[in-house]
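# Analysis of the macromolecular model
Chain by chain, the residues run as shown.
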Amino acid sequence: MLAERMIDAQLRIRQLRSGTHALIDLDAYARNIARLRAMAPGGAFMAVVKADAYGHGAAICGQAAIQAGADMLGVARISEALYLRAQGVTAPILVLGPPSEGALADAISSGVTLAVGSERALVAIEAAAGASGMSATVHLKMDTGMRRYGFLSSEIVAIAERLHASPLIELEGVFTHFTSSDDLVDTSTPGQIDQFERVTDEIERLGMGLRYRHMANSAAILRGQIGRSNLVRSGIATYGLSPSDEVPVDERFEPIMSIRSVVARRFVVQPGESVSYNQTFVADLSTQAADIPIGYADGLPRNVSNIGWFVIDGERCPILGRVCMDQVVARTPDGVSEGAEVIILGSGCDGEMTYADAGRLAGTNNYEVATRLMARVPRIYLRDGQPVAWEHLLEGDRGNCVPASMG
Ligand SMILES: *Cc1c(COP(=O)(O)O)cnc(C)c1O
């Protein structure tokens, strides 16, 4: 039985590798998390896995982050937290953003921690806790400059007193978020830290003990701007990607995901012929080309049309013409065979576009490029360079290559 399951798993991996797929290195993920933890010693660590772990797959990355020593997971929506619970994640999960009211009862009964950052959310969380007869664990969100979700620092102490007095609510933490920690010229963060420390000190002086006080995101951790806090929240750097060009991860960090595809068709574009929609590329010379089954509906930005590139057989292959919804054409060296592997995006160590390159070319950032990965692109997870698990969200399929021990 077990041997059969192993063979099935290997067959499945081969199937997935024959088309467009993502490779995610879970060892590199664990090493990135360990590096970030070491930069904020003594406190707790939240791995931010919102937006399906920035395109890397929250179900498997969430589990791997906890295994790697993360104390808590961060998401943006209650549905993301419930998804993690359904995958068996029992660790604390904080919903960082405004909660959707209809999901509050499920969040509370699943032990999901909620951010309170508006009067309406406060009232709704209390009501949902009352109706379910369970107390809600919350972190109070303080707006020190972002001007989105959160109470102003002038309001926070009074709100904390209300939460503290409520039998339905357990106030576990207070947090804020920096506006500009990824800018080289940053006139905001020191003032935000001051505001936060002043108000959280006041809350504690009034006898309301806080288990967690937290501010820093990846960029702030990398710059050492932790302030007086005992929890840091990191997303982008755990995936080995830089918060910005000005605040890069250092060379020890490893991008953990690479997108691969295959050459579906090889052909020659004759002089004067055009490629793809609207004839934006016209060959002046006879040009070797390959059709590749990846497009903007997989997450490859359309704005890299004619300016991006891939790597095939170790050679840089410029994109010819428009990126289509599902296909793209690239110039290739001679001798490329149909079925050859194409490196679409990755760490850049084989010469491929990085997420930052694609972001720059597409007029956006690496965060957006990573999170654009669509459900029809399957993911293969690696440990020791070998596949250990896969996930195909569109097919609703997930599995492990290493059979569980017979116990
Ligand atoms: C997304 C998010 C983070 C993580 O930010 P990174 O730049 O990816 O580290 C931290 N805190 C909050 C409130 C967030 O929304």
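Residues numbered from 1 in each chain as written. Predicted model: local features only at pLDDT ≥ 70, side-chain atom pairs only at ≥ 80, totals over all residues. Heavy atoms only, no water.

### Observations regarding the domain arrangement of the protein chain
One can read the domain layout of the protein chain as domain 1 (26-239) and domain 2 (257-376). Computed from C-alpha atoms alone, the centre-to-centre distance between domain 1 and domain 2 is 38 Å. Between domain 1 and domain 2, the residue contacts involve 5 residues of the former and 6 residues of the latter. Carbon and sulfur atoms make up 72% of the surface buried where domain 1 meets domain 2, a total of about 530 Å² over both sides. Viewed at the interface, domain 2 and domain 1 are joined by 0 salt bridges. Joining domain 1 to domain 2, the criterion identifies 0 residue pairs in polar contact (both at pLDDT 80 or more). By residue class, the composition of the side of domain 1 that touches domain 2 is 3 nonpolar, 2 polar and no charged. (Domains from an automatic or database assignment. Contact = heavy atoms within 4.5 Å. Buried area = accessible area lost by both parts, 1.4 Å probe. Salt bridge = Lys/Arg side-chain N within 4 Å of Asp/Glu carboxyl O. Polar contact = N/O pair within 3.5 Å; in protein donor to acceptor, adjacent residues only side chain to side chain. Nonpolar A, V, L, I, M, F, W, Y, C, P; charged D, E, K, R; others polar.)

### Thoughts on the nonpolar core
If you look at the biggest cluster of nonpolar residues, it comprises 117 residues, and the most contacted ones within it are Tyr29, Leu140 and Phe310. Per element, the largest residue contribution to this core is 6 residues, and it comes from helix H7 (residues 119-132). Both domains that furnish three or more residues to this core are identified here as domain 1 (26-239) and domain 2 (257-376). (Core = buried A, V, L, I, M, F, W, Y, C linked by side-chain atoms within 4.5 Å. Buried < 20%, exposed > 50% of the residue type's maximum accessible area, 1.4 Å probe, protein only. Helix = DSSP H or I, 4+ residues; strand = E, 2+ residues; numbered from the N terminus.)

### Looking at helix H2 (residues 26-39)
The end-to-end C-alpha distance of H2, which contains 14 residues, comes to 20 Å, matching closely the 20 Å that a straight helix rising 1.5 Å per residue would cover. What H2 keeps buried is the set Leu26, Asp27, Ala28, Tyr29, Asn32, Ile33, Arg35 and Leu36. For H2, the capping residue at the N-terminal end is Asp25, with a side-chain oxygen 3.0 Å from the backbone nitrogen of Asp27. (Expected span 1.5 Å × (residues − 1).)

### Structural notes on the pairing of strand S22 (residues 386-392)
A regular strand carries its side chains on alternate faces of the sheet. Among the 7 residues that make up S22, 6 are buried, leaving the element largely enclosed by the rest of the structure. Of the strand pairs in this sheet, strand S21 (residues 379-383) and S22 are connected by 5 bridges, and their pairing is antiparallel. Bridge pairing in S22 links Arg379 to Glu391. Counting the residues in the hairpin turn of S21 and S22 gives 2 residues, including Asp384, whose phi is positive at 50 degrees. Relative to strand S23 (residues 397-400), S22 is paired through 4 bridges, and the arrangement is antiparallel. When the sheet's bridge partners are listed, Trp390 is paired in S23 with Gly399. The loop that links S22 with its antiparallel partner S23 comprises 4 residues; one of these, Gly396, has a positive phi angle of about 60 degrees. (Pairing = 2+ DSSP bridges.)

### Considering the side chain of Asn217
Counting through the fold element by element, Asn217 comes out in the loop between strand S9 (212-214) and helix H10 (218-222). A polar side-chain atom of Asn217 sits 3.1 Å from the main-chain amide nitrogen of Ala220. Non-local contacts of Asn217, meaning those with residues more than four positions away in its chain, are made with His177, Phe178, Ser181 and Arg233.

### Some thoughts on empty space enclosed by the protein
Applying the stated criterion across every chain, the model contains 1 cavity of 30 Å³ or more. Of the volumes computed, that of the largest cavity is approximately 80 Å³. As for the largest cavity, its lining consists of 13 residues, of which Ile259, Asp298, Gly299, Leu345 and Leu373 are closest to the centre. Counting only elements with at least two residues in the lining of the largest cavity, the list comes to strand S11 (257-262), strand S19 (341-346) and helix H12 (366-371). When the residues that make up the lining of the largest cavity are grouped by side-chain class, the tally is 10 nonpolar, 1 polar and 2 charged. (1 Å grid on protein atoms, 1.4 Å probe; cavity = no way out; pocket = protein on both sides within 12 Å on 5 of 7 lines; lining within 4 Å. Points joined across faces, edges and corners; volume = space filled by probe spheres on them.)

### Observations concerning the layout of surface pockets
As a volume, the largest pocket reaches approximately 670 Å³. Lining the largest pocket are 29 residues, and of these Lys50, Tyr54, Arg148, His177 and Tyr367 sit closest to its centre. Elements with a contribution of two residues or more to the lining of the largest pocket: helix H3 (50-54), H10, strand S10 (231-234) and H12. If you tally residues by element for the lining of the largest pocket, the top one is H3, at 3 residues.

### Let's talk about the pattern of salt bridges
As enumerated under the stated definition, the model contains 26 salt bridges in all. The shortest N-O distance in the salt bridge between Glu395 and Arg12 comes to 2.8 Å. One end of the pair, Glu395, is in the loop between S22 and S23; the other, Arg12, is in helix H1 (residues 2-17), with 383 residues separating them in the sequence. Taking the relative accessible area as the measure of exposure, Arg12 reaches 13% and is therefore buried. Between Glu341 and Arg260 there is a salt bridge; the shortest N-O distance is 3.1 Å. Of this pair, Glu341 sits in strand S19 while Arg260 sits in strand S11; the two residues are 81 residues apart in sequence, bridging distant segments of the chain. The class of Arg260 is buried, set by a relative accessible area of 14%. In this structure, a network of salt bridges that share partners links the residues Glu197, Asp201, Glu204, Arg213 and Arg228.

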